Amino acid sequence: MAALESFSAFTEQLTQKLKFPLPGETAHQLMMSTSKLRLTFKPNTRTRKSAVLVLFYPYQNDIYFPLILRPAYDGVHSGQVAFPGGRYELSDENLIRTALREAQEEIGLRLNDVKILGALTELFIPASNFHVLPVVAAMPYRPGFYPDPREVEDIFEIKLEEISDVNIIGSSDIQVRGEQVHAPHYMVQGYKIWGATAMMISELLAVLNASEPGAES
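The structure contained in this document is the topic of the report that follows. Counting restarts for each chain, with residues numbered from 1 along the sequence as it is written. Under the rules for a predicted model, residues below a pLDDT of 70 receive no local features and side-chain atom pairs below 80 are neither given nor counted, while totals for whole chains, interfaces and linings still include all residues. Hydrogen atoms and water are omitted, and side-chain values are computed over all heavy atoms in the structure.

1. Looking at the environment of Asn 129
To be explicit about the condition: By definition, any uninterrupted DSSP run of H or I lasting at least four residues is a helix, any uninterrupted run of E lasting at least two residues is a strand, and each is numbered from the N terminus. Pairs of N or O atoms within 3.5 Å make up the polar contacts considered here, provided that, within protein, one atom can donate a hydrogen while the other can accept it, and that residues adjacent in sequence are counted only when both atoms are side-chain atoms.
Mapped onto the secondary structure, Asn 129 falls in the loop between β6 (123-125) and β7 (130-138). Side-chain polar atoms of Asn 129 contact the side chain of Asn 44, separated by 3.2 Å.

2. So, the packing of aromatic side chains
Selection criterion: The aromatic pairing rule takes the rings of Phe, Tyr and Trp, using the six-membered ring of Trp, and pairs them if the centres are within 6.5 Å, calling planes under 30 degrees apart stacked, those over 60 edge-to-face and the rest tilted. Two conditions define a charge sitting above a ring: the NZ of Lys or the CZ of Arg must be within 6 Å of the ring centre, and it must be within 35 degrees of the ring normal.
Under the counting rule described, the total for this entry stands at 8 aromatic pairs. A connected cluster of aromatic rings, assembled from ring pairs, spans Phe 7, Phe 10, Phe 56, Phe 65 and Phe 83. Here the basic side chain of Lys 49 rests over the ring of Tyr 88, its NZ or CZ set 4.2 Å away from the ring centre. The ring of Tyr 59 has Arg 142 sitting right over it, with the charged end atom 4.1 Å from the ring centre.

3. Thoughts on the nonpolar core
This is how the line gets drawn: Throughout, nonpolar core names a set of buried Ala, Val, Leu, Ile, Met, Phe, Trp, Tyr and Cys residues whose side chains join them through atoms within 4.5 Å. Throughout this description, buried means an accessible area under 20% of the type-specific maximum (1.4 Å probe, protein chains only), exposed means over 50%, and partly exposed covers the range between. Contact between two residues is taken to exist if any of their heavy atoms lie within 4.5 Å; hydrogens are not considered.
If you look at the biggest cluster of nonpolar residues, it comprises 38 residues, and the most contacted ones within it are Leu 14, Phe 56, Ile 163 and Tyr 186. With 9 residues, helix α6 (residues 195-209) is the largest single contributor of residues to this core. In this structure Ile 163 touches Phe 65, Ile 158, Ile 168, Tyr 186, Val 188, Ile 193, Ile 201 and Leu 205, once residues within four positions along its chain are discounted.

4. Describing α6
Using the following cut-off: To estimate the expected span of a helix, subtract one from its residue number and multiply by 1.5 Å.
When the terminal C-alpha atoms of α6 are compared, their 21 Å separation across 15 residues agrees well with the 21 Å that a helix rising 1.5 Å per residue should span. Across the 15 residues that make up α6, a large majority, 14, are buried.

5. What about the pattern of salt bridges?
Counted only if it meets this: Just to be clear on terms, a salt bridge is a Lys or Arg side-chain nitrogen sitting within 4 Å of an Asp or Glu carboxyl oxygen.
Per the stated rule, a full pass over the model turns up 7 salt bridges. Among the ionic pairs, Arg 142 bridges to Glu 157, the shortest N-O distance being 2.5 Å. Placement of the pair is Arg 142 in the loop between β7 and β8 (154-159) and Glu 157 in strand β8, with a sequence separation of 15 residues. A residue is classified by how much of its surface remains accessible, and Arg 142, at 36% relative accessible area, is partly exposed.

6. Things to note about the side chain of Ser 172
Note that Ser 172 resides in strand β9 (residues 169-176). With relative accessibility at 12%, the residue Ser 172 sits in the buried group. Only 3.2 Å separates the side chain of Ser 172 from the side chain of Lys 192, close enough to count as a polar contact. Discounting residues that sit within four places of it in the chain, Ser 172 has contacts with Val 181, His 182, Ala 183, His 185 and Lys 192.

7. Focus: unusual backbone geometry
The residue Gln 60 is not glycine, and still its phi comes out positive at about 50°. Assignment of secondary structure puts Gln 60 in the loop between β1 (48-59) and β2 (62-69). You can call Gln 60 exposed: its relative accessible area is 56%. With phi around 60°, Asn 129 is a residue other than glycine that occupies positive phi space.

Nothing here speaks to function; it is all geometry.
Right, here's the structure in full:
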């Protein structure tokens with residue numbers, strides 16, 4: 001990834017790259033699990049909309065974004081590392097508002113200085129029957145985090161340089177609703193980031209590393 005002179009230059013560059021054709025499924029497949037459900041279960045009339053927030057901010061001369069650890073509960077995303085986000089509500093004017101509202105509720109994000117840069121490719125999650133839109137945003141300083149203990153067990157501040165290191169990519173067998181799947185993952189701060197979140201990160205890195213519109217490197 002080319003050296004960036006400032007956080008402002010980074011956000012301007014990313015904004016422009018998000019306007020061009022996105023790598024989408026090509027990037028998603030690099031971190032896609034072997035789940036049979038993904039092959040057999042398709043969107044239907046009960047599929048719901050949702051959105052997550054990919055929020056970049058500068059801190060100590062580096063660029064970061066937050067991920068959350070979901071608490072253990074009786075659900076498909078129990079104990080997983082994810083971007084803050086959730087389901088679309090009728091009161092939301094659009095999915096951008098969904099991502100912002102959910103981030104506000106889950107990690108206590110103050111929205112005053114959040115700037116929307118664009119969005120990644122919408123992704124279907126068969127296990128929960130959601131279409132999720134990753135909304136990309138930035139704020140010019142490190143936010144204060146006030147996690148909702150009902151929805152967030154922990155918050156991880158992920159350095160962009162750290163997630164870009166190919167040496168943290170691995171794979172393992174994971175139990176999902178009684179099915180053992182083989183899933184690629186990013187190993188960060190002692191946790192495996194896999195599934196939809198890993199697929200979103202894969203596309204994000206492809207966009208950031210693109211040397212020209214729509215290209216991948």
